[in-house]
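Below, each chain spelled out in residue letters.
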There are 2 protein chains.
Amino acid sequence: MNEPTHRIGFVQFTPVLGALDFNIERLLDLVRLRVEPADLLVLPEMALTGYAFRDKEELGRITTAENTRKTLDTAARLSDLFGGAAIVVGYPEPAGDGAFYNSCMLVGPDGLLGNYRKTHLFGAEKDLFLPGDTGFAVFSVRDLTVGMMICFDWFFPESARTLALRGAEIIAHPTNLVMPYCQRAMFTRALENSVYTITANRCGTEMHQKELRFTGESVIYGPRGNILASAPKTEDHVAVIDIDIHRARNKNLNARNHIYDDRVPDLYDL
Amino acid sequence: MNEPTHRIGFVQFTPVLGALDFNIERLLDLVRLRVEPADLLVLPEMALTGYAFRDKEELGRITTAENTRKTLDTAARLSDLFGGAAIVVGYPEPAGDGAFYNSCMLVGPDGLLGNYRKTHLFGAEKDLFLPGDTGFAVFSVRDLTVGMMICFDWFFPESARTLALRGAEIIAHPTNLVMPYCQRAMFTRALENSVYTITANRCGTEMHQKELRFTGESVIYGPRGNILASAPKTEDHVAVIDIDIHRARNKNLNARNHIYDDRVPDLYDL
């Protein structure tokens, strides 16, 4: 690495379903001894509420205006703790009329910087959430350009590709992974787009029809697919690492190949 | 696996640059003791000519009409040996006026079934070849639908995606790999498209400005990213395996997620 330019990280964290206040306490306990200045810190999907809502009624009881405010306040507090870092945290977003999005918010020291609504819903999420309508927007965090996608979005190469082509240098990726594929496949997402990826996963189990076992192993990849940080399978974990953002800004794979300019959209049918 | 429906494979083979007749002899020697009925067999990029042509003049001396005919004849002979299997083999294709494509032909027992011209040229190939103009067409091989892409095409998710969306159930992928990434990333290409992928690589070294070291490790992935066959780093190798093509035809990742129908093209910007 050349001189590091930024610091990015994740919190792997296991919430208890529906116990927002309890989860916030435990999250703050977890990070308190490991705080350090950072630019961007990513938390899991549904990081403070848990995931396996039985139905829309249960989801609605948890998705109150007060709880959304508490999520925002917790993110702002984390931002303070981590030297003004931007925080990405997954949460259930009320859409009005008893409808909800599976969303993540991007929060800076002065409050909300951006919001993303999950595009590709997984499994039983289709019974609970509306498909996201925000699309894959990018946001400025200090001098960084950050994109967000949530969990199953990773499966579709179009998600990370769209973010990267719109300028994302870092993809913040809150997850609640239950399939065994993603942590390995993010190698390809980072490499093919020459970006940093931060997959922040959770551990533990929840019941929804059957047991959901979340797979931990949160991981940060560099623009050449190198693993820069990873977490255990079953323990909560905080990681903050140095990166050189110029590595993501350089889209020259070698002297003759530029990974965006070499694309031939006329021959693609997508 | 349910009952196998088809047999697919690769030949990992190391040609000597420019020595077409010698390479054909050695190739036939290599496969002779391992022939078995198959449906599709993939050979490397530039499998019979070698790769590191010094310049267009040298490339032109090798890319004669007679040598193209010998390549076709060799593929037809392999097809006979492997029970009428379709053969994919990389070769330099004359484009007229001293120009060339980096191509692969698809050859059945009755002759040429299809041709693909490499879309994404790698490094110094840009001095030797025209960018391919065929695009990512798919072809019928018995009751299979086969797509072709060559080497560096893998880097761009759009290549395999276009083939798969057009119906490819198997992606035939002749390569001359020198970077360390592809064999690992094809996990993602197979999984994200729910297809079989056959990456047929070569071994050995050639000189072009600097030494090119080809990385072997040809690999077949199944539709869930499982490795079904792989070859050593430095030795030639023949592999033919059973597959159940229904696994690639089923695009349901689970009861609620269909990997094509779940796409949201309106939110992609590609």
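A quick note: this is a predicted structure, and the numbers were derived from the prediction, not measured.

What counts, and at which threshold
- Residues numbered from 1 in each chain as written.
- Chains lettered and ligands numbered in written order.
- Predicted model: local features only at pLDDT ≥ 70, side-chain atom pairs only at ≥ 80, totals over all residues.
- Heavy atoms only, no water.
- Helix = DSSP H or I, 4+ residues; strand = E, 2+ residues; numbered from the N terminus.
- Buried < 20%, exposed > 50% of the residue type's maximum accessible area, 1.4 Å probe, protein only.
- Polar contact = N/O pair within 3.5 Å; in protein donor to acceptor, adjacent residues only side chain to side chain.
- Pairing = 2+ DSSP bridges.
- Axes fitted to C-alpha atoms, helices over the stretch in contact; angles between N-to-C directions.
- Contact = heavy atoms within 4.5 Å.
- Salt bridge = Lys/Arg side-chain N within 4 Å of Asp/Glu carboxyl O.
- Least-squares fit on C-alpha atoms with pLDDT ≥ 70 in both.

With that settled, the discussion passes to the side chain of Asn102 of chain A. All names here are of chain A. Its location among the elements puts Asn102 in strand β4 (residues 99-108). Asn102 gets classed as buried once you look at its relative accessible area, which sits at 1%. Within the structure, the side chain of Asn102 is placed 2.6 Å from the side chain of Glu45, a separation counted as a polar contact.

All names here are of chain A. Strand order across the open sheet formed by 6 strands is β6-β7-β8-β9-β12-β13, with mixed pairing between neighbours. The strands lining the two open edges of the sheet, one partner per strand, are β6 (138-141) and β13 (227-230). Between one strand and the next, the sheet's axes are offset by a mean angle of 20°, whatever the strand orientation. Relative to strand β7 (residues 144-148), β6 is paired through 4 bridges, and the arrangement is antiparallel. Paired with Val141 across the two strands is Leu144, which belongs to β7. Contacting β8 (170-174), β9 (196-200) and β12 (219-221), helix α6 (residues 182-193) crosses the sheet at an angle of about 20° to β12.

Attention now moves to the pattern of salt bridges. With the rule as written, the count across this model stands at 50 salt bridges over all chains. Between Asp262 of chain B and Lys126 of chain A there is a salt bridge, with its nearest N and O atoms 2.9 Å apart. Within this pair, whereas Asp262 of chain B is found in the segment after α7 (246-249), its partner Lys126 of chain A is found in helix α4 (residues 125-128), the two belonging to separate chains. Assessed through its relative accessible area of 14%, Asp262 of chain B is described here as buried. By relative accessible area, which is 30% here, Lys126 of chain A ends up partly exposed. Taking the shortest distance from any N to any O, the salt bridge between Glu169 of chain B and Arg249 of chain B comes out at 2.8 Å. Separated by 80 residues along the polypeptide, Glu169 of chain B in the loop between α5 (157-165) and β8 (170-174) and Arg249 of chain B in helix α7 bring together distant segments of the chain.

The subject of this paragraph is α5 of chain B. Of all the 9 residues making up α5 of chain B, 8 are buried; the element is thus mostly covered by neighbouring parts of the structure. Among all positions in α5 of chain B, only Pro157, Glu158, Ser159, Ala160, Arg161, Thr162, Leu163 and Ala164 of chain B are buried. Among the structural elements, α5 (157-165) and α6 of chain A together with β6 (138-141), β7 (144-148), β8 and α6 (182-193) of chain B are those in contact with the buried residues of α5 of chain B. Count one or two residues on from α5 of chain B and you reach Gly167 of chain B, which has phi positive near 115°.

With that settled, the discussion passes to the relation of the copies chain A and chain B. A rotation about an axis combined with a shift along that same axis relates the two copies of the chain. The two copies are related by a screw motion: chain A maps onto chain B through a turn of 180° and a shift of 0.0 Å along the axis, at an RMSD of 0.0 Å. These values place the two chain copies in the arrangement generated by a two-fold rotation axis. Interface overlap between copies is the fraction of interface residues in one copy that are interface residues in the other; for chain A against chain B it reaches 100%, indicating a shared surface.

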